[in-house]
Amino acid sequence: MSQHYFSQQNFDIRLEWGSLAAEYLAQDAECVIIVDVMSFSTCVSLANDQGALIAPWPWKDDSARRYATDIGAQAASIDRRFSEHTFTLSPASLLKIPSGSRLVLPSPNGSTVAFKAREKGVTVFSAGLRNCQATANACRHFHSILLIPCGERWPDGSLRPAIEDYVAAGGIIAALGERCRSPEAEMALAAYQSAQQHDFAALRQCASALELIERGFATDVDLCLAQDKSQVACQLIDNFFTPQPVP
């Protein structure tokens, strides 16, 4: 990337939005943490907590099934609605996923960023509010860390910044402790500290949460906004996000 001033290379802890951050900045970091709170990262965390593996896949179509066959997994339904034996991008659908399951989880945000970051040859983690501290503990030894709040998409496919991802990224930055942070990372930390003071009440009224509640997924919002319920970090190893217990 020719515009070196965008790289944040002078700082240990960096932050930039969306898939283009992975495209342009990931190769300059040792570790990338993707943050897609509602709902990819929360799904990965819940599944990993129970010993299930999650394979990211960027496209919500029949290609997910073909990919699942290729890697010896099952594909989640692209419809968020679920029954007892159906897994989807709804975190509630994964509360009882059996240990040892291998699930391909299509997601146009978290999965897409994970794919792009992996292509850069860096260590990739997925994280949300529910495993901020665990992720920070697992990543503390890396010198340079890029946090990527994934955001959502407008109907035309362009990035819609999502404040829940920004706040959760700030929570991980807080848990990493005193490091040399870029201004972008410092602002996310400030957003987290402000939201935490009010028990994340504002996040329950953000656009992403209101959309899920209106569609009947209020339980998913509760799961996504529960902080540090997990002691497991989620690292992308080969094709799958894999649980990494940390002290």
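Definitions and limits used
Residues numbered from 1 in each chain as written. Predicted model: local features only at pLDDT ≥ 70, side-chain atom pairs only at ≥ 80, totals over all residues. Heavy atoms only, no water. Salt bridge = Lys/Arg side-chain N within 4 Å of Asp/Glu carboxyl O. Buried < 20%, exposed > 50% of the residue type's maximum accessible area, 1.4 Å probe, protein only. Axes fitted to C-alpha atoms, helices over the stretch in contact; angles between N-to-C directions. Helix = DSSP H or I, 4+ residues; strand = E, 2+ residues; numbered from the N terminus. Parallel < 35°, antiparallel > 145°, perpendicular 65-115°, else oblique. Left-handed = near helix turned anticlockwise from the far one by under 90°. Contact = heavy atoms within 4.5 Å. Nonpolar A, V, L, I, M, F, W, Y, C, P; charged D, E, K, R; others polar. Phe/Tyr/Trp six-rings, centres within 6.5 Å; stacked < 30°, edge-to-face > 60°. Pairing = 2+ DSSP bridges.

Participant: Give a detailed account of the pattern of salt bridges, specifying residues and quantitative values.
Facilitator: Per the counting criterion, the structure on display carries eight salt bridges. Residues Glu-211 and Arg-215 are paired through a salt bridge, measuring 3.8 Å at the closest nitrogen-oxygen approach. Overall, the relative accessible area of 37% leaves Arg-215 in the partly exposed class. The structure contains a network of salt bridges with shared partners spanning Glu-23, Lys-116 and Lys-120.

Participant: Could you give me a rundown of the packing of helix 5 (residues 132-139) against helix 6 (residues 163-176), with the residues and numbers involved?
Facilitator: Contact pair helix 5 / helix 6: the axes reach a minimum separation of 8 Å and the direction vectors enclose 50°. In this view, helix 5 runs oblique relative to helix 6, as classed from their interaxial angle. Relative to helix 6, the crossing made by helix 5 is right-handed. For the pair helix 5 and helix 6, the contacting residues are Cys-132, Gln-133 and Ala-136 in the first and Ala-168, Gly-171, Ile-172, Ala-175 and Leu-176 in the second. By residue class, the composition of the contact of helix 5 with helix 6 is six nonpolar, two polar and no charged.

Participant: With reference to specific residues and values, describe the packing of aromatic side chains.
Facilitator: Scanning the model with the defined rule gives seven aromatic pairs in all. With 6.0 Å between their ring centres and 70° between their planes, Phe-40 and Phe-241 make a pair best called edge-to-face. Linking Phe-40 in helix 2 (residues 40-49) with Phe-241 in strand 11 (residues 240-245), this pair joins segments that are 201 residues apart in sequence. For Phe-40, a relative accessible area of 0% puts it in the buried group.

Participant: I'd like a description of the pairing of strand 5 (residues 102-106), backed by residues and values.
Facilitator: A regular strand places its side chains so that they alternate between the two faces of the sheet. The buried fraction of strand 5 amounts to four of the five residues, a majority that puts the element mostly inside the structure. With five bridges connecting them, strand 3 (residues 53-57) and strand 5 associate as parallel partners. Among the inter-strand pairings, Ile-54 is bridged to a residue of strand 5, identified as Leu-103. Relative to strand 5, strand 4 (residues 74-75) is paired through two bridges, and the arrangement is parallel. Note on strand 5: the bridge partner recorded for Gln-74 is Leu-103.

Participant: Please give an account of the packing of helix 1 (residues 18-25) against helix 4 (residues 110-119) that cites residues and values.
Facilitator: Interhelical geometry of helix 1 versus helix 4 gives an angle of 5° and a closest axis separation of 8 Å. Of the possible angle classes, the one that applies to helix 1 and helix 4 is roughly parallel. Contacts between helix 1 and helix 4 involve Gly-18, Ser-19, Ala-22 and Glu-23 from the former and Thr-112, Val-113, Lys-116 and Ala-117 from the latter.

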